[in-house]
Amino acid sequence: MSCTFCRIIEGKIPSTPVYQDDFCYAFADINPKAPVHILVVPREHIGSLDEAAAEKRALLGHLLWAAAEIARKKGLANGYRIVVNTGEEGGQTVDHLHLHLMGGRQMTWPPG
Ligand code: AMP
Ligand code: ZN
């Protein structure tokens with residue numbers, strides 16, 4: 001499997017783990033855009049949010065819950081942002097579904 005995030009999940013590419021359970025793995029973004037910048041990815045390969053079938057609805061909810069749980073554990077009581085870049089115009093660069101959890105600074109709107 002050549003997918004970067006699958007290789008991270010398999011431990012073939014090193015990462016800094018933050019949280020993991022039966023369904024997802026969360027690790028530090030290698031190029032952080034905020035003091036806290038964590039990626040939450042499903043253990044199973046799903047190319048993007050657009051490729052998540054109806055049967056994956058519970059998994060999608062789990063990913064959101066995990067991100068919120070990590071934010072609580074990281075003490076992001078003042079707020080945070082979750083981003084799911086999807087497809088080329090969405091700015092997605094790694095084709096394995098992932099949630100960006102960013103916090104620790106004031107976010108601006110709209111994003112670029
Ligand atoms: P996106 O542009 O939404 O697809 O986000 C991909 C993210 O993956 C970027 O923020 C990258 O910095 C991050 N990234 C790429 N390769 C690695 C890696 N080996 N370890 C950690 N984060 C990575
Ligand atoms: Zn993958």
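Residues numbered from 1 in each chain as written. Chains lettered and ligands numbered in written order. Predicted model: local features only at pLDDT ≥ 70, side-chain atom pairs only at ≥ 80, totals over all residues. Heavy atoms only, no water.

Time to look at the packing of aromatic side chains. A complete count under the given rule lists 3 aromatic pairs for this structure. Taking the centre distance of 5.4 Å and the plane angle of 75° together, the rings of F5 and F27 count as edge-to-face. Note that F5 is positioned in helix α1 (residues 4-9) and F27 in strand β2 (residues 24-28), a separation of 22 residues in sequence. Comparing F5 with F27, the two get one shared label, buried. A ring pair is formed by Y19 and W65, whose centres lie 6.4 Å apart and whose planes are at 70°; its orientation type is edge-to-face. (Phe/Tyr/Trp six-rings, centres within 6.5 Å; stacked < 30°, edge-to-face > 60°. Helix = DSSP H or I, 4+ residues; strand = E, 2+ residues; numbered from the N terminus. Buried < 20%, exposed > 50% of the residue type's maximum accessible area, 1.4 Å probe, protein only.)

Looking now at the site of ligand 1. As a structural note, the neighbourhood of ligand 1 is formed by 15 residues, with D29, N85, T93, H98 and H100 the closest of them. I30 places a main-chain nitrogen or oxygen 3.1 Å from a nitrogen atom of ligand 1. For ligand 1, an oxygen atom lies 2.8 Å from a polar atom in the side chain of H100. Starting from 500 Å² of accessible surface for ligand 1 in isolation, the protein chains cover 83%. Of the pockets mapped on this structure, ligand 1 occupies the largest pocket. Going through the elements one at a time, α1 and β2 are the ones with two or more residues in the shell around ligand 1. (Near = heavy atom within 4 Å. Polar contact = N/O pair within 3.5 Å; in protein donor to acceptor, adjacent residues only side chain to side chain. Areas by Shrake-Rupley, 256 points an atom, 1.4 Å probe, with all protein chains shown as cover. 1 Å grid on protein atoms, 1.4 Å probe; cavity = no way out; pocket = protein on both sides within 12 Å on 5 of 7 lines; lining within 4 Å. Sits in = over half its atoms within 2 Å of the grid points.)

So, on to the nonpolar core. Counting residues in each nonpolar core, the largest one holds 18 residues, and the members touching the most others are I38, V40 and I70. Where this core is concerned, the elements lending two or more residues are β2, β3 (36-42), α2 (57-73) and β5 (99-103). At 6 residues, the largest contribution of residues to this core is made by α2. (Core = buried A, V, L, I, M, F, W, Y, C linked by side-chain atoms within 4.5 Å.)

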